[in-house]
Structures are given as C-alpha cells and as structure tokens.
Amino acid sequence: MWVARRVLSSVAHSRQYAGDSSLFRRPRPGSSSDMELRYLQCTCCWRSRIPVAGIESLNTTISTACEEEDNNDEHTAPLDACYTSEQRDAILMLLNNASLTELAGVKLLRGRKSVNIVDYRSKHGPFKTLESVVNVPLLKHKSAVVVFESILNPVKKKKVRIQLAKFIRPEVDRSWLEDANSIVSLVCATNRIAWAHMGRGMTVMEWQYLDCPNFLKGTYMASAYLHDVSAVVSLLPSADFYIIEKPSISVQNTALFPVMAHMRTVEAMLFALLEPRNFPQDTNIPPRVLNMMRTAVGRHFGLMVGESRTSGAQIVRRLMTESVTQKMPRINFPPELLVKYRNWFQMSSRRGGGEELCDALLQALAFYELLSESSA
C-alpha cells in the first residue's frame, strides 16, 4: 500500500490546493510542468521512493516495485541444493548425533542454539534435510549456512607449546625428565603427607599416606617436624624424581600465614632429606627433588574456580573405573589398590587422607601428560 510521504507544511498551504488530486501539486512559480511530481513510499518496507508521473502509470509502478522486493527476500535455491550428497550427510550426521558439548564447538552453536537443536531432535526426530534446520529457534537461513560451513571446514586450533618452567621448579633440562623411569608425587597437608609412585607406563606402583601427629601443634619444633618428615621419607620408594606440590597460598593473606609457614617448613625438610647429602654443583647432574605448581595441576584437570581449586575425587573415581572397563585406560591400577581404595572417594566418605591421595595421584598424572604436551 502506497502513501504520500511528503506532506504540506501548513493548513493554509493545504487549503490553497484543495480540490486537487492528493497525488499532485500545482506548479510552483516559474515551473514549466502542469503538475509537480510527488514521491510515494511503500508502507511494507519504506525503502522504495517512486516519482508519480501520472495516474495511469501508478498501479503498474507499485506492483512492479513490490514484486522486486518479494523476489529479493526469497532464497535463490533450497539449502540442500547448495551442497553435495556427501556434504549433506556429514552435516546431518553431526547435527543428529552430536552432544551439547560437541555442538558448542561449532561456530554459532554455543549457548541456547545448541540446546534448541537437541530439544528439536527430541520432539521432531532427526533432521532429514538441511532445509529443516531453519525450523530450529534462533537458527535461520544465514546462521544455518555459517553453521554448515563450520561443520564442513572446522577451524583447527593451534596447539600451544607448554613451557616446563610454568609448572616445574627449579628449571631442569627436558631430556632429564624424559629419561626418568618413575617419579614419586608428594602432597603435604596440615597433618599428613600422601604420595603416589608412578612409572612412565602410567602404572601406579604405590599409593598411600602417613599421618604426622606433630604437625601444627602450636609450636614449630624442628625436632618434632624432623621426626615426622623422616618417618615419611623412610617409607618412600626409590625413584628418579620426587615431585613435591607447591601450594598456592598467598603471602599477603595474613590469616593463613601459620599454614604457609608450616607448608614451607615441611617442604624444606623434604628437599633436604631427599636430595643427596653431598650434591655436587655440577650442571650435568639434575636435581632429584622438584616443585610442581598446584594451580598447574588444577588447570590441567579443569578443577580451578577462579583462583581456588576444587576436589579431584570425582576424576579419581572415573580413572579407577576406566582402569577396569577400558582396554587402554589413562592410568593402570594394580588390583590390590583398587580393592583398597574403591570406597574412599565417594561423596559420603569422610575418610581422612582421601583428598591428599587424590592430589598426589593427579599430580603424578599431570606431570607425565604436561611433559608429553610440552615436548610435542
């Protein structure tokens, strides 16, 4: 429907031309034409301005303009016709079978769109054509094309090489770590020390903890600390490297200063007792005791919430289950350890030492996996 967009500026002006066709004006002084052209615009789109040349051509001009607008809004071809049969099958295969996490990895499908795809599949069944994808809320023609192209040509993320210095202290030559046959991962708590002995074949050879009754008893008696730490060291198996967890306690948090002092004391004693007594100052001999950043292990397993680390018990339970159910598990556990600790990491379990055992195991696994990633 077409209406005039240019209106008269005053009531007096409109009265001057009363009785004339609303589509035309009388010529201004000095104009040679009998009628002055006015402009019309379509009320549907408000984009087309058409000069009115005469009543006889008005209907033809309007119908032609509207037909052009309608043609511009139509798709030139169905979506299925734009792809080969192999491409259609690949796109539909992913959209019909991918989980929410897998869909979120496709461009434009993060958030609500991936949820809408899963909801649509559950209500209407699998997608049979590419054209049917535009029926999903928030996923119209242009968005669907971007999604299809992202499925057919996924962007490969560049693998960032990890620097050893970001999670291992002091810095050591990579070749020394790669030649190690086994490590012992140690985690110190306020009243116990836990450790996990793991070989390069990702097999757990020993996994236990020892309570230290003299820790944090109001005084930091060196002799008492030495007694408890020495008891732990006497039980540790022989290994190429001893990896001690480096806690992420801030020195600016004065409330946790006693805990930080305790951790540093235990850490220093472990370094002193585990390192050879007459360690030569030779750069060709690697240090045997190393620190590993607690935050690096947390980020590796997705356990960080802000700057805090959550429990890894659920991950350890899954690793123990996979060692029995999968042919190529991430970690191999001896049957006796599975029997010993099978109920230790349940949500309802209140067993002391469970969290420290989890942390020691995850630190050993993260050490080997981060070392492998950094050398890839």
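Coordinates for the structure precede this section.
So, a few notes on the structure that sits alongside this text.

Rules of the game
Residues numbered from 1 in each chain as written. Predicted model: local features only at pLDDT ≥ 70, side-chain atom pairs only at ≥ 80, totals over all residues. Heavy atoms only, no water. Helix = DSSP H or I, 4+ residues; strand = E, 2+ residues; numbered from the N terminus. Buried < 20%, exposed > 50% of the residue type's maximum accessible area, 1.4 Å probe, protein only. Polar contact = N/O pair within 3.5 Å; in protein donor to acceptor, adjacent residues only side chain to side chain. Contact = heavy atoms within 4.5 Å. Pairing = 2+ DSSP bridges. Axes fitted to C-alpha atoms, helices over the stretch in contact; angles between N-to-C directions. Phe/Tyr/Trp six-rings, centres within 6.5 Å; stacked < 30°, edge-to-face > 60°. Expected span 1.5 Å × (residues − 1). Arc of directions from axis to C-beta.

**A few points about the side chain of serine 182**
Logical step 1: Relative to the elements of secondary structure, serine 182 occurs in strand S5 (residues 182–188).
Logical step 2: According to the relative accessible area criterion, serine 182 is buried, its value standing at 9%.
Logical step 3: Here histidine 197 takes part through its side chain, which lies 3.2 Å from a polar atom of the side chain of serine 182.
Logical step 4: The residues touching serine 182, leaving out its near neighbours within four places in the chain, are His197, Met198, Gly199, Met205, Ser238, Ala239, Asp240, Phe241 and Tyr368.

**Things to note about the sheet that holds strand S7 (residues 204–211)**
Logical step 1: If you trace the six strands from one edge of the open sheet to the other, you get S4-S9-S8-S5-S6-S7, paired in mixed fashion. Of all the strands in the sheet, just strand S4 (168–169) and S7 have a single pairing partner and so form its edges.
Logical step 2: Sheet topology places S5 next to strand S8 (residues 241–246); four bridges connect them, and they run parallel. Each bridged residue has a counterpart across the sheet, and for valine 184 the counterpart in S8 is tyrosine 242.
Logical step 3: Along the sheet, helix H8 (residues 222–235) contacts strand S6 (192–199) and S7; its crossing angle with S7, the most-contacted strand, is approximately 160 degrees.
Logical step 4: Here helix H9 (residues 257–274) sits on the sheet and contacts S5, S6, S8 and strand S9 (289–293); the angle it forms with S8, its principal contact strand, is near 170 degrees.

**Concerning the packing of aromatic side chains**
Logical step 1: Under the criterion given, the structure shown has 10 aromatic pairs.
Logical step 2: On the basis of an interplanar angle of 45 degrees and a centroid distance of 5.7 Å, the ring pair of tryptophan 207 and phenylalanine 333 is categorised as tilted. Separated by 126 residues along the polypeptide, tryptophan 207 in strand S7 and phenylalanine 333 in the loop between helix H11 (313–325) and helix H12 (335–341) bring together distant segments of the chain.
Logical step 3: You can call tryptophan 207 buried: its relative accessible area is 1%.
Logical step 4: For phenylalanine 333, a relative accessible area of 9% gives the class buried.
Logical step 5: Members of the aromatic cluster, joined through ring pairs, are Trp207, Tyr209, Phe333, Tyr341, Trp344 and Phe345.

**Concerning the side chain of glutamate 245**
Logical step 1: Along the chain, the position of glutamate 245 falls in strand S8.
Logical step 2: For glutamate 245, a relative accessible area of 9% gives the class buried.
Logical step 3: A polar atom in the side chain of glutamate 245 sits 2.8 Å from the side chain of arginine 294.
Logical step 4: When residues no more than four places from it in sequence are discounted, the contact partners of glutamate 245 are Leu186, Val187, Asn291, Met292, Arg294, Arg309, Asp359 and Gln363.

**Brief notes about the pairing of S5**
For a regular strand, the rule is simple: side chains alternate between the two faces of the sheet.
Logical step 1: In terms of burial, S5 is largely enclosed, as seven of its seven residues are buried.
Logical step 2: Alternating positions in S5 separate into two faces, Ser182, Val184, Leu186 and Cys188 on one and Ile183, Ser185 and Val187 on the other, with burial throughout.
Logical step 3: For S5 and S6, the ladder comprises seven bridges, and the chain directions are antiparallel. What sits directly across from serine 185, in S6, is alanine 196.

**As for helix H5 (residues 112–124)**
Logical step 1: Spanning 13 residues, H5 covers 18 Å between terminal C-alpha atoms, matching the ideal 18 Å at 1.5 Å per step.
Logical step 2: Those residues of H5 lying buried are Ser114, Asn116, Ile117, Tyr120 and Arg121. One face of H5 carries all of its buried residues, which in axial projection span an arc of 160 degrees. In H5, the exposed positions that point more than 90 degrees away from the buried face belong to Ser122 and Lys123.
Logical step 3: The elements touched by buried residues of H5 are helix H3 (85–97) and helix H4 (100–104).

**Brief notes about the pairing of S9**
Logical step 1: Most of S9 sits out of view: five of its five residues are buried.
Logical step 2: The side-chain alternation of S9 yields two buried faces, one formed by Val289, Asn291 and Met293 and the other by Leu290 and Met292.
Logical step 3: As paired strands, S4 and S9 are joined by two bridges and run antiparallel to one another. Pairing of arginine 169 across the sheet is with asparagine 291, part of S9.
Logical step 4: In terms of strand pairing, S8 meets S9 through five bridges, oriented parallel. By the bridge assignment, tyrosine 242 is partnered in S9 with valine 289.

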